[in-house]
Amino acid sequence: MSFRPRFGCLALAGIVLSAAAVTGPASAGAGSEARVDRGLSAVVRYTEYGIPHIVADDYPGLGFGNGWAQARDQVCALAEAFVTVRGERSRWFGARTAPDPQSSSAGANLASDLYYRGVREAGTVERLGAAPPPLGPGREVADLGRGWATGYNTWLRRNRITDPACAGAGWVRAITAVDVAALDLALSGLAGEGRGIDGITAARPPVAGEPAPQALDSTAPAAPASAASAVRRLLVDPGRRAGSNAVAFRGSTTANGRGLLLGNPHFPWRGEQRFWQSQQTIPGELDVMGGSLLGSTTVSIGHTAHIAWSHTVGTGVPANLYQLTLDPSDPTVYLVDGRPERMTRRVVTVPVEDGPPVTGTQWWTRYGPVLTSFGAAADPPLPLPWTSETAYAINDAGSANPRGSTTALALAKARDTRGILDAVRRTQGLPWANTVAADSAGHTLYVQSQTLPRITDEIARRCSTALGRTTYPASGLAVLDGARGDCALGTDPDAVQPGTFGPGAMPTLRDAPYVENSNDSAWLTNAEHPLVGYERVFGDIGATRSPRTRGAIEDVSSAAARGGLRVEDLQAQQFANRAPVGDLVADDVARACAALPGGRATGTDGAVVDVAEACRVLGRWDKTVDTGSRGALLFDRFWRRFTAAVPDSERWKVPFAPSDPVVTPHTLDTDSPIFSRALADSVAELDAAGIDAESRWGEHQFVVRDGRRVPIPGGTGNLGVWNVVEADWDPAGGGYPDVSYGTSFVQAVGWDDSACPVARTLLTYSQSSNPRSAHHADQTLLFSRERWVTSRFCEHDILAAPRLRVLTVHEHDHPRGADPADLG
């Protein structure tokens, strides 16, 4: 870390506080501040919508200001996240209660606790964190984590919690830097061991005399194919996981020759996977603005003066399974090249509310933990029975990767897309994300920078079990023969982490006119320059694209060809709310509907439904999901039913053609008997709920804030909508009355001839979860009206903010400046 004078930040604080005094805050001279050792310190300046601009002298101070400011806005969500990674949910919330799916994939708190407490008691967090760089996170990240924990604890110590979600709760407690690192590691393992928590904690060796469960990889010929379908739903179906869109445009397509980036992650609207917006600055060292996942010490996606980047959830599979051959005399001993190896037995005890502690046992192998199912409790998991002959273990590259924050910090220090690429190659810390970037010189970049197990197609061909021979081609999940030493993964020469791919294997595209990803594989990042030649574990090639990918390619390729693009065009793309599936099939649906004899259709229950008016409504729909769109709800309900019942390969009269992947498949098969049935069921459903089929979309997709309904634009990715909004159907509640995940932290970034980026942002669910905060719903109201926040990145823009509020926060005394109630 380069040397900086200790007084730098505090001198800046004096300047800022003097400027802010006009609006009310008291200030003190910088000189008196510098002479008193008050521990860690930072200046936090609040601009519109409660966005903090955090300035500190060094990394511990920056972490301190960050932890303090995050606690101020999101203390309840953060405190619950720390309860989760400490393995204490059963103590505070009951063993049998199901955790929020955004907190843990487990079906009950007890399973979640057994897993996470097992991780902590094994010293995994400390061991990975202590590894020297490049394998470990490094000093700067450690300093950020230590400062973050101190800032969070300082806020807790000095403030009364007003959020009813956790006010007065005993589970809101001080944390340590290890807790911060544990949360970061849990995020890294989200798509690997994080999806197998129930299976890991439920794994038990078979007992002699008890009937063994049917193994998927045994004599039942349909079992592996069925398993492949289940895994494909778990790993590939975009409706079953958070996702994102991102596009970068090269200078040759823009109005001024500089780059443009639109980032649109689709993440949960509640819990610790929410984004939170800030600017983080160490003068002369770091200056970055963007969104951080809660509990993160760094900016996850964002922009600086010269670059902008976003991430999308990648198709790479960060874990693989090993099928173990067991010793016939002992099911806790497995064979490798004929030699026995005994599993490691981990005994874990967790406290339970209103009851004695519960003890569980986990079994670990050289590959990772044994598990008896894979998949979140909310999904039909893949069963992996432990018999007297066979068991399964999971090898998760993400759960051994402590470098997520290291990569994020390196991205924030890059000055161009070349630096972005160097950052991901050098640190290799992103477990499940692609990176899309643009810079002020007009360059673009896409890289599938995932930390993945080194599953080459050659290894899969040579070592796959019968189950793996179906799951790997279908989804990229390899199931390898754990009894063979020659099936070890090896390590690429340029890989930081043992057993993983190095950056030379990662799909990468530089300086294309556009690069775009909507959670499909790297193949059509640019439809005119397809990426090929990568291993199947990274994703598929030559396969059907999702409706969202197809619609996005249509939009961005057309924009690139048109040229002259500006930030305003990115904003228009975000809120076009076009439903590409509607453009593709709605007219055919309306015509086929109108052709039904007597305007009637028979539902699943045998009832005959009058659909004549529904046909006319569908014919008048504008094919968007704007809040004012009429007919969108009827089409949405029909399409969900139809696609749930009819596989993609059977929906179309013109099938998918790899030579024309954006246009095909097309022409809906309205002759299918399911067509009229889905239509009848959808009309009957709305009638039963008292919902007019032609009512406005925003009347039935909304959130409630301060006691009033806020209409929410956007729609399900199954319709191909860029502006994804996903909500559970509740007809009694009015339709879609609460958003579960979707568009979250959006940024549209470009550059002009000034020294400041041209950036517009939007945090759709607002900065604070506290309903008593002034920033609980303010940006949600903007989202409803499709408005944006102008990013205040440069110093003169921050100082020009109306009602600028400035706090100088110290570890050992109260903050100086203004902290009015209207800021939360």
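All values reported here derive from a predicted model rather than from experimental measurement. (Residues numbered from 1 in each chain as written. Predicted model: local features only at pLDDT ≥ 70, side-chain atom pairs only at ≥ 80, totals over all residues. Heavy atoms only, no water.)

Counting through the fold element by element, T451 comes out in the loop between β18 (444-447) and α13 (457-463). The class for T451 is buried, based on a relative accessible area of 4%. From its side chain, T451 meets the backbone oxygen of Q428 in a polar contact 2.9 Å long. (Helix = DSSP H or I, 4+ residues; strand = E, 2+ residues; numbered from the N terminus. Buried < 20%, exposed > 50% of the residue type's maximum accessible area, 1.4 Å probe, protein only. Polar contact = N/O pair within 3.5 Å; in protein donor to acceptor, adjacent residues only side chain to side chain.)

Another aspect to go through is the packing of aromatic side chains. Considering all chains together, one arrives at 26 aromatic pairs under this definition. Relative to Y765, the ring of W269 lies with its centre 5.6 Å away and its plane at 75 degrees, an arrangement referred to as edge-to-face. Highlighted residues: W269 in the loop between β4 (260-268) and β5 (275-282) and Y765 in the loop between β31 (757-763) and α21 (778-785), separated in sequence by 496 residues. Of the residues examined, Y765 reaches a relative accessible area of 1% and is grouped as buried. Pairing W621 with F635 gives two aromatic rings, centres 4.8 Å apart and planes at 25 degrees, and the pair type is stacked. Of this pair, W621 sits in the loop between α18 (612-620) and α19 (632-645) while F635 sits in helix α19, and the two are 14 residues apart along the sequence. (Phe/Tyr/Trp six-rings, centres within 6.5 Å; stacked < 30°, edge-to-face > 60°.)

The subject of this paragraph is the pattern of salt bridges. Enumeration over the complete set of coordinates arrives at 36 salt bridges. For D179, the salt bridge identified is with R86, shortest N-O distance 2.9 Å. Pair noted here: D179 is in helix α8 (residues 177-188) and R86 is in helix α3 (residues 59-86), with a separation of 93 residues, a long-range link. The class of R86 is buried, set by a relative accessible area of 15%. A salt bridge links E685 to R637; the shortest N-O distance between them is 2.9 Å. With E685 in helix α20 (residues 673-688) and R637 in helix α19, this pair connects stretches of sequence that are 48 residues apart. For the residue pair E685 and R637, the accessibility class agrees, reading buried in each case. Connected through salt bridges with shared partners, the residues E458, R462, R484 and D486 form a single ionic network. (Salt bridge = Lys/Arg side-chain N within 4 Å of Asp/Glu carboxyl O.)

Of note, N264 is situated in strand β4. Classification of N264 as buried rests on a relative accessible area of 0%. A polar side-chain atom of N264 sits 3.1 Å from a polar atom in the side chain of T743. Aside from chain neighbours lying at most four places away, what touches N264 is S244, N245, S310, Q574, W722, N723, T743 and V746. (Contact = heavy atoms within 4.5 Å.)

By size, the foremost hydrophobic cluster in this structure holds 174 residues, and its most contacted members are V75, Y152, F249, W309 and L324. When sequence neighbours within four positions are dropped, the list of residues in contact with V75 reads Q70, Y152, W155, L156, I161, C166 and V172. Core analysis: the second largest hydrophobic core is formed by 42 residues, C615, F635, W639 and L679 among them. (Core = buried A, V, L, I, M, F, W, Y, C linked by side-chain atoms within 4.5 Å.)

With that settled, the discussion passes to the confidence of the model for the protein. Residues with a pLDDT of 70 or more make up 90% of the protein, whose mean pLDDT is 92. Within the model, pLDDT remains below 50 along residues 1-34, and this stretch shows 56 contacts once partners closer than five positions in the same chain are excluded. Here residues 820-824 is modelled with pLDDT under 50, and outside its nearest four sequence neighbours on either side it reaches 14 contacts, counting other chains as well. (pLDDT = per-residue confidence, 0-100.)

We now examine unusual backbone geometry. Following P133, the chain continues into P134 via a peptide bond in cis, with omega recorded as 10 degrees. Residue placement: P134 occurs in the loop between α6 (124-130) and α7 (139-158). Residue P665 follows T664 across a cis peptide bond; omega there is -5 degrees. Within the element layout of this structure, P665 appears in the loop between β24 (652-654) and β25 (666-668). In the Ramachandran plot, Y49 falls in the positive-phi region, its phi being about 65 degrees despite a non-glycine side chain. Within the secondary structure layout, Y49 lies in the loop between β1 (41-47) and β2 (51-55). A positive phi angle, near 60 degrees, is found at R803, a position not held by glycine. Take R803: it is sitting in the loop between α22 (795-799) and β33 (805-810). For R803, a relative accessible area of 54% puts it in the exposed group.

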